[in-house]
Amino acid sequence: MAHVGVPRGTARKRRSVALLATGVLTIPVLAGCTSDSEGPTSVAVPQDIAPASRDRVTEGSTLTWAIDEVPATLNTFQADADSATTRITGALLPSLFPLDARGEPKLNPDYLESAKVIEREPKQVVLYKLNQQAVWSDGREIGAPDFVAQWRALSGKDSAFWTARNAGYERIEKIERGKDDLQVRVTFSKPYADWRSLFSPLYPKEVTGSPGTFNDSARATLKNTAGPFRLRSVNKDKGTVVLDRNPRWWGDEAKLESLVFRAVEPEDRTDALTEGTVDVADIGSATANSIALAARYRGGNGQPPAHGPGADITPAAALRSWALAHGSDEEAAETAQAAREKNREAVAVYAAEQKALKGFAVRKSLEPAYTQLALNGESGPLSDDRVRRAIARTLDRQELADTVLKPLGLPAKPPGSHLALAGQPGYKDGSGALGDRDTKEAKALLADAGWTVGGAVRKTEDTKAGSEAEKKADEKKKADEKKKAEEKKKAEEKGADKAEKAEKAEKDDKASREEGTYIVGDEKPGDRPAGDAEVTVQDKQPGGAPGAYAPAGTAAPAPAGVKDRLGKGGKPLTLRFVLPSGPGSQPLRTVGEKIVEMLDSIGISTQITKVDDDSYFKDHIASGDYDMALYSWPATAYPATDGRPIFAKPEPATDGSLLVEQNYTRVGSDHIDQLFDRAVSELDTDASRELLKQADARIWAAAGSIPLYQRPQLVAVDKKLANIGAFGFAAPRYEDIGFTGREAAGSPANRKK
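About the thresholds
Residues numbered from 1 in each chain as written. Predicted model: local features only at pLDDT ≥ 70, side-chain atom pairs only at ≥ 80, totals over all residues. Heavy atoms only, no water. Axes fitted to C-alpha atoms, helices over the stretch in contact; angles between N-to-C directions. Helix = DSSP H or I, 4+ residues; strand = E, 2+ residues; numbered from the N terminus. Parallel < 35°, antiparallel > 145°, perpendicular 65-115°, else oblique. Left-handed = near helix turned anticlockwise from the far one by under 90°. Contact = heavy atoms within 4.5 Å. Nonpolar A, V, L, I, M, F, W, Y, C, P; charged D, E, K, R; others polar. Salt bridge = Lys/Arg side-chain N within 4 Å of Asp/Glu carboxyl O. pLDDT = per-residue confidence, 0-100. Pairing = 2+ DSSP bridges. Phe/Tyr/Trp six-rings, centres within 6.5 Å; stacked < 30°, edge-to-face > 60°. Buried < 20%, exposed > 50% of the residue type's maximum accessible area, 1.4 Å probe, protein only. Lys NZ or Arg CZ within 6 Å of the ring centre and 35° of its normal.

**Student:** What is the right way to read the packing of helix H9 (residues 385-394) against helix H11 (residues 439-448) from this model?
**Tutor:** Axis angle and axis distance: for two packed helices, these are the angle between their axes and the distance between the axes, and together they describe the pair. Relative to each other, H9 and H11 sit at 165°, their axes nearing to 8 Å. Accordingly, the angle class assigned to the pair H9 and H11 is roughly antiparallel. Crossing of H9 against H11: the hand is left-handed. Where H9 approaches H11, its residues Arg386, Val387, Arg389, Ala390, Arg393 and Thr394 are matched on the opposing element by Thr439, Glu441, Ala442, Leu445, Leu446 and Asp448. Counted by class, the contact of H9 with H11 contains five nonpolar, two polar and five charged residues.

What follows is the structure, given as structure tokens:
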């Protein structure tokens, strides 16, 4: 299921050169700042796929799997490839090192006998030995020519190939045939730690051999494949992509006879499940709650429904309705009978829906992706790393994670790394480089940056600067107070009949001095939000009398809401928080509202701007039109390659703009770039991971990206299905997916076809 705020095609995109000569990033001392504990935080949430041995899975039948839309391309290396592209090609094309449940790449024996680095000096050489049985669907063996064609298409040397990413391929110097075409010898011009990321998926040379087939033909169809399934049809009008068994597949035969991917909008998933047009669908919490309610639904046998239409009808009300429907008043009886019939129809429809939803289970895990608060450091207050760090240290990340994950029954441990997630071998909590939540320290950082309480108050034009003006103001205030005290004393001496008037005058005069030169408004307290430029006296000082004036010539102080705000030079610290407005984005907005409350507690104002989901990322995040935003990055088994463009230091372009690659926070440093460059060239796995942990610590300290929580993964699955659901990190084994039990072929989606 696509999610708002997730960049499309983010994995291993082609990187542009990006180095920015800005001021040196101020960071705390990083030595020893990462957590040494890898206890509970390093344990991954297990996948939830209803595992079953192959002998328990029935042969045959069709499974229908919901996707957001028919993909624009079947070429995963193009810019508009999306999650549907990845899911479909995963069943069709070779993946040499699919990820396991811990997010670690593992050799796929269906395609490889072995693959390893056989030389490091003078240059890195990897030798692939291919499975002798591996063939394309046209019968040709998978071999060295396919590797060569893909390298040439993705190396970046031929601009005729329209490719979105070439990471790693540009480091290859040459590819040679070994003893035969089943041995492929790859020599690198520079060491490449993430060599396992290459050639997955592997396309046949018929696709990658020419720009025409690569750019155009592979968008709509794949005539030659090498997976447990082959492509039968793509029908954009019907919104379906249909796969069937590959008769030339040499591995375990697919249990399903066919696999249908059907386009269903996220908001339509509940209806699709109810109508039985899909067997599997990524869902949101609302649909998950509907399925949970259906499991508790009861009705019939004279019992009132547990929920839904008719659930609120008490026995007494039912008896009255029956009496009216069978009474002597014909008009009342007709009305009651019509109402009863309408209710019976509604109950019947709802009961049918509940019965359908009862056939589904919600399988849940944590998605291999994290949601972050992005702070745009290109300009304005957030260009100061002290302000960014102060915001980060104001956030209660645990509370935010609890908000999203606890209602779903999922662990809510905030991520401790930008480059790995809990359970992955390279994970280590590096958040200590930034520090724990500490609002006192946050205020100190802001004060050091010049943002202070009362700093938003503008000085009047006739106010003199410096201590002399302040001294004169104090003297004048004392003189005024002395004068008023004398006047009060005289009034009291005039007798009891004037005491009440004197007291009232004193109160009015005091209110005038405190509240300013403007007339007290008529609004009631709470009519205007705190911090509004037009906050009235009565908003903040109950009891002010309408029409009360301050002494002539007294300057009006700033409203209390502004007094309490942080500011500098008369300008309040206000940040523009851009959030998506669609119904599927409610979790992001809920988190955003909590962040606003947390920042408000230390005097930072926020202006929330809600925009259409479709334009949220393209027109705001990618373009830099925001101060704060929430969006997600997918996890990866290759952070040295995939993390580099996300955190690369931006480089000024000739037109004055910034080349940011995928670093939409515009925050980076030369040191971070250097650590990535060293890690991606380090062939010792432990040494490479250590360099990445150092890079992660500095990313935390830069405070451009604040990971908040790992995203929930909720999948509605027909209860009879096995080996499918919330996969977590792991790649699906499509050949093992299928129905269990005698009624497997009678799945709801099959009955609708």
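**Student:** Explanation requested: the pattern of salt bridges in the structure shown.
**Tutor:** Pairing between side chains of opposite charge can happen when their charged atoms approach one another. Taken as a whole and assessed by the stated rule, the structure comprises 34 salt bridges. Among the ionic pairs, Glu206 bridges to Arg140, the shortest N-O distance being 3.2 Å. Here Glu206, found in helix H3 (residues 205-208), pairs with Arg140, found in the loop between strand S3 (125-130) and helix H2 (144-154); they are 66 residues apart in sequence, far enough to count as distant. One salt bridge connects Arg437 with Asp396, and the closest N-O pair in it is separated by 3.8 Å. Of this pair, Arg437 sits in the loop between helix H10 (397-405) and H11 while Asp396 sits in the loop between H9 and H10, and the two are 41 residues apart along the sequence. One connected set of salt bridges, linked through shared partners, spans Arg54, Asp252, Arg733, Glu735 and Asp736.

**Student:** Where do I start with the confidence of the model for the chain in this structure?
**Tutor:** With 75% of its residues at a pLDDT of 70 or more, the chain shows a mean pLDDT of 83. Low pLDDT, under 50, characterises residues 8-41; the predicted model gives this stretch 89 contacts beyond four residues in sequence or across chains.

**Student:** Whenever I open this one, the pairing of strand S2 (residues 112-119) confuses me. Can you help?
**Tutor:** The side chains of a regular strand alternate, first on one face of the sheet and then on the other. The pairing of S2 with S3 spans six bridges and is antiparallel. Residue pairing for S3: Ser114 is matched across the bridge by Lys129.

**Student:** Just checking my understanding: could you explain the packing of aromatic side chains for this structure?
**Tutor:** Between two aromatic rings, the relevant description is the distance of the centres plus the angle of the planes. The final tally for this structure, using the stated rule, is 20 aromatic pairs. On the basis of an interplanar angle of 80° and a centroid distance of 5.6 Å, the ring pair of Phe161 and Phe214 is categorised as edge-to-face. Taken together, the residues Phe161 in the loop between H2 and strand S4 (172-177) and Phe214 in helix H4 (residues 211-220) connect sequence positions 53 residues apart. In terms of burial, Phe161 and Phe214 fall into one category: buried. Their ring planes at 85° and their centres at 5.4 Å tell us that Tyr169 and Phe199 sit as a pair that is edge-to-face. In this pair, Tyr169 sits in the loop between H2 and S4 while Phe199 sits in the loop between strand S5 (183-188) and H3, placing the two residues 30 residues apart along the sequence. Every member of this aromatic cluster is reached through a ring pair, and the members are Phe77, Phe97, Tyr128, Phe147, Tyr169, Trp195, Phe199 and Tyr203. Against the face of Phe97 rests Arg196, its NZ or CZ located 6.0 Å from the ring centre.

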